[in-house]
Amino acid sequence: MFCPHCSFDNIAGVDDCESCGQPLVEFDHVGSDLEQAITSQSIGVLNPKQPLTVQASMAVRGAVAEMVARKIGCLLVEEGKQLVGIFTERDVLNKIRVDKDDQNRPVSDFMTPSPATITKDDSIAYALHAMDLGGYRHMAIVDETGRSTGIISVRDILRYLYEQFGEVSAQTG
Amino acid sequence: MSAKLPVLTSKDFASDQEIRWCPRCGDYSILAQMKKVLPGMGIPKEKFVFISGIGCSSRFPYYMDTYGFHSIHGRAPAIATGVKTCRPDLQVWVITGDGDGLSIGGNHLMHTIRRNVDLKIVMFNNQIYGLTKGQYSPTSPLGARTKSTPFGSIDNPLSPLSIAIGSEATFVARAVDVDIKHLTTVLERAARHEGTSFIEVYQDCNVFNSGAFYYASKKGVKEDNIVYLEHGKPLIFGAKRDKGIRVNEGNRPEVVELSSGISEDDLLFHDEQAPGSSLAFLLARMRHPEFPEPLGVFRDVERPIYDRGVNEQVQSAIETQGAGDLDELFQSGDTWTIE
């Protein structure tokens with residue numbers, strides 16, 4: 001569990017924080033096992049995939065080809081190393097006109113700029129909330145400098161919840 | 001013969017109630033630090049009172065083994081004023097949040113502060129309504145997308161410290177939930193202040209507004225984003241302590257590099273006891289990312305205290321007019337019988 005005093009990620013069940021020595025016993029929580037899991041576990045437990053990134057100047061044709069080739073529904077768009085947008089299959093379906101010359105225009109013309117992001121230390125519950133709030137199917141994970149380090153999809157969350165339900169059922173017999 | 005007070009520890013202040021905050025909520029740290037501070041006050045346990053309003057933070061009194069009152073939305077300052085005025089021997093704490101204290105309770109908060117009632121007010125600021133699952137609060141930043149602002153907030157946020165200073169607070173401070181040593185120091189200072197103490201605590205709501213204060217709490221990041229206030233010392237910050245705050249010719253603060261021919265003597269020196277509140281207000285207006293945000297005690301001054309004034313007036317009236325009789329008062333003047 002995360003120490004509420006210093007945020008150190010301790011092994012579950014320890015009595016005192018390994019980092020600051022503060023007692024943790026009194027912080028045992030109430031609530032269902034699922035509530036416990038989604039609020040106490042971090043995005044990191046989803047083993048986020050490395051994101052596929054493209055430069056903002058890349059032509060849409062190339063970006064779509066990458067998505068098809070790799071069987072993914074989402075690209076992160078960067079300028080240099082900085083995340084500037086997200087380009088998804090929804091953008092392809094809703095924004096690109098097949099009868100126009102859109103395929104040669106830069107991906108930055110069609111991406112969702114300044115996307116909502118999360119960090120690997122954020123809780124599963126927060127990711128769920130953010131995805132529900134924004135109607136997102138993918139969310140980029142960034143580090144302290146704003147660089148993308150991973151990506152999660154609603155599929156990852158569903159898989160996680162399915163596994164949690166399995167554990168809950170096993171515990172409750 | 002003198003009675004010996006029992007030696008209290010933080011465990012003496014832990015109640016038997018199950019804590020119902022989300023795991024990893026910043027509230028835990030504030031609770032833990034409070035339990036560490038109170039034993040050192042030299043006050044019997046039964047003399048502490050915690051009064052709260054409504055919200056996640058307001059569950060605080062349940063988790064302290066002291067007297068307490070989980071009261072009405074926004075009205076904790078008013079109820080606490082009554083408690084402290086009737087029982088001046090108690091140390092009375094008010095626990096509130098940015099929604100409880102600044103929205104529905106803004107009026108009560110302002111008047112409690114300006115009266116300088118001897119209360120210790122701790123405002124947990126997480127910039128969101130957590131208990132009701134993620135609506136925007138009076139401190140949510142412009143553009144914040146929440147359940148109640150799906151296209152981004154267009155409300156200009158309030159600064160809790162600006163409100164407190166504008167209400168003539170005599171003690172104003174800011175701390176961060178997970179910065180435990182500093183938070184402990186600030187709570188101790190607030191507890192010992194005579195008059196209203198107002199503390200804003202940056203508190204992470206890890207479910208509905210995660211990371212709102214990472215810039216001020218994450219190691220490796222916060223060093224360039226916060227500046228610790230120390231009375232009589234210059235404002236220096238940065239991972240290498242190579243930056244400072246200077247007030248320029250236009251009386252505006254600016255960030256300067258200490259290596260560029262500017263010495264510490266050129267910087268702004270903190271004076272928490274300045275008679276006027278201008279310096280404290282200037283510091284309270286320094287916001288990330290334009291400035292490092294100050295943490296610590298902004299202002300600590302003396303002013304007549306409301307509850308003492310009330311009790312002095314009562315005592316004086318008793319001495320000159322007698323103790324009085326409530327029933328006699330009730331029956332005096334224009335009374336009539338409705339038949």
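Residues numbered from 1 in each chain as written. Chains lettered and ligands numbered in written order. Predicted model: local features only at pLDDT ≥ 70, side-chain atom pairs only at ≥ 80, totals over all residues. Heavy atoms only, no water.

**Focus on the interface of chain B and chain A**
We count it as follows: Between two residues, a contact is recorded if the distance between any of their heavy atoms is within 4.5 Å. A 1.4 Å probe defines the accessible area here, and the buried area is the portion of it lost by two parts on being joined, summed over both. Salt bridges are defined by distance alone: a side-chain nitrogen of Lys or Arg within 4 Å of a carboxyl oxygen of Asp or Glu. Polar contact criterion, stated in full: a pair of N or O atoms within 3.5 Å, where within protein one must be able to donate a hydrogen and the other to accept it, and residues adjacent in sequence count only if both atoms are side-chain atoms. The helix and strand labels rest on DSSP assignments: H or I over at least four residues marks a helix, E over at least two residues marks a strand, and numbering proceeds from the N terminus. Polarity classes work like this: nonpolar for Ala, Val, Leu, Ile, Met, Phe, Trp, Tyr, Cys and Pro, charged for Asp, Glu, Lys and Arg, and polar for all others, with Gly in that last group.
In this complex, chain B contributes 28 residues to the contact, which on the side of chain A involves 26 residues. Between chain B and chain A lies a buried interface of about 2,400 Å² when both sides are counted; carbon and sulfur atoms form 55% of it. One salt bridge connects Asp132(A) with Lys147(B), and the closest N-O pair in it is separated by 2.5 Å. Where chain B meets chain A, there are 10 residue pairs in polar contact (both at pLDDT 80 or more). Here the element with the most residues in the side of chain B that touches chain A is helix 1 (residues 27-37) of chain B; it accounts for 6 residues. Split by residue class, the side of chain B that touches chain A holds 12 nonpolar, 7 polar and 9 charged.

**Thoughts on the nonpolar core**
Residue and element names in this part refer to chain B. Definition in use: Buried Ala, Val, Leu, Ile, Met, Phe, Trp, Tyr and Cys residues form a nonpolar core when they are joined through side-chain atoms within 4.5 Å. Whether a residue is buried, partly exposed or exposed follows from its accessible area with a 1.4 Å probe, protein chains only, as a fraction of its type maximum: under 20%, in between, or over 50%, in that order.
Counting 34 residues, the largest nonpolar core has Phe198, Leu283 and Phe298 as the members making the most contacts within it. In terms of residue count, helix 8 (residues 278-284) provides more of this core than any other element does, 4 residues in total. Among residues more than four places away in sequence, those in contact with leucine 283 are Leu229, Leu235, Leu268, His270, Pro294 and Phe298. The next biggest cluster of nonpolar side chains, apart from the first, holds 32 residues, and it includes Val37, Val122, Phe171 and Ala190.

**Here's the deal with the sheet that holds strand 3 (residues 82-88) of chain A**
Residues and elements named next belong to chain A. To keep it simple, the criterion reads: Note on pairing: two strands pair once DSSP finds at least 2 bridges between them. Only the stretch in contact is used when a helix axis is fitted, and all axes are lines through C-alpha atoms; the angle between N-to-C directions ranges over 0 to 180 degrees.
Taken in spatial order, the 4 strands of this open sheet run 1-2-3-4, and their pairing is mixed. The sheet is open, and its two edges are formed by strand 1 (53-55) and strand 4 (112-113), each paired on a single side. Where helix 2 (residues 60-70) meets the sheet, it contacts strand 2 (74-79) and strand 3, and its direction lies at approximately 70 degrees from that of strand 3.

**Overview of helix 4 (residues 124-134) of chain A**
What helix 4 of chain A keeps buried is the set Ile124(A), Ala125(A), Tyr126(A), Ala127(A), His129(A), Ala130(A) and Met131(A). Gly135(A) sits one or two positions beyond helix 4 of chain A and adopts a positive phi of about 70 degrees.

**Structural notes on the packing of aromatic side chains**
Residue and element names in this part refer to chain B. Just so we agree on the cut-off: Stacked, tilted and edge-to-face pairs are distinguished by plane angle, under 30 degrees for stacked and over 60 for edge-to-face with tilted covering the rest, among Phe, Tyr and Trp rings (Trp via its six-membered ring) whose centres lie within 6.5 Å.
Counted under the stated rule, the structure contains 10 aromatic pairs over all chains. Judged by centre distance (4.9 Å) and plane angle (80 degrees), the ring pair of tryptophan 21 and tyrosine 63 falls under edge-to-face. In this pair, tryptophan 21 is assigned in the segment before helix 1 and tyrosine 63 in the loop between strand 1 (48-52) and strand 2 (67-70), connecting sequence segments 42 residues apart. Take tryptophan 21 and tyrosine 63: they sit in the same class, and that class is buried.

**A look at the packing of helix 1 of chain B against helix 6 (residues 180-192) of chain B**
Residue and element names in this part refer to chain B. Convention followed: Any angle that is under 35 degrees is reported as roughly parallel, and any over 145 degrees as roughly antiparallel; angles of 65 to 115 degrees are reported as roughly perpendicular and all others as oblique. Left-handed describes a crossing whose near helix is turned anticlockwise from the far helix through less than a right angle; right-handed describes the clockwise counterpart.
Where helix 1 meets helix 6, the axes come as close as 9 Å, and the angle between the chain directions of the two elements is 55 degrees. Taken as axis vectors, helix 1 and helix 6 run oblique relative to one another. As helix 1 packs across helix 6, the resulting crossing turns out to be right-handed. The segment helix 1 lies against helix 6, with Ser29, Ile30, Gln33, Met34, Lys36 and Val37 engaging Ile180, Leu183, Thr184, Leu187 and Glu188. Of the residues that constitute the contact of helix 1 with helix 6, the class distribution is 6 nonpolar, 3 polar and 2 charged.

**A word on the pattern of salt bridges**
Think of it this way: side chains of opposite charge can pair up when their charged atoms draw near. For the structure on display, the rule yields 25 salt bridges over all chains. Measuring nitrogen to oxygen at the nearest pair gives 3.0 Å for the salt bridge that ties Lys218(B) to Asp121(A). Remark: Asp121(A) occurs in the loop between strand 5 (117-118) and helix 4 and Lys218(B) occurs in the loop between helix 7 (214-217) and strand 7 (226-228); the pair is interchain, linking two chains. The class for Asp121(A) is partly exposed, based on a relative accessible area of 22%. A salt bridge links Lys84(B) to Asp118(B); its shortest N-O distance comes to 3.7 Å. Residue Lys84(B) is found in helix 2 (residues 76-86), and its partner Asp118(B) is found in the loop between helix 4 (106-115) and strand 4 (119-125); the two are separated by 34 residues along the sequence. Residues participating in the shared-partner salt-bridge network are Arg97(A), Asp102(A), Arg105(A) and Asp109(A).

**As for the sheet that holds strand 10 (residues 253-257) of chain B**
Two strands in a sheet stick together by hydrogen bonds in their backbones, pointing the same way (parallel) or opposite ways (antiparallel). Residue and element names in this part refer to chain B. Strands sit in the order 8-9-10 across an open sheet of 3 strands; the sheet is antiparallel. Every other strand in the sheet has two partners, leaving strand 8 (236-237) and strand 10 as the edge strands with one partner each. In terms of strand pairing, strand 9 (residues 243-247) meets strand 10 through 5 bridges, oriented antiparallel. Bridging from a neighbouring strand, glycine 244 pairs with valine 256 of strand 10.

**Observations concerning the environment of Ala116(A)**
Following the sequence through the fold, Ala116(A) ends up in the loop between strand 4 and strand 5. Distance from Ala116(A) to Lys81(A), taken between C-alpha atoms, is 17 Å for residues 35 residues apart in sequence.

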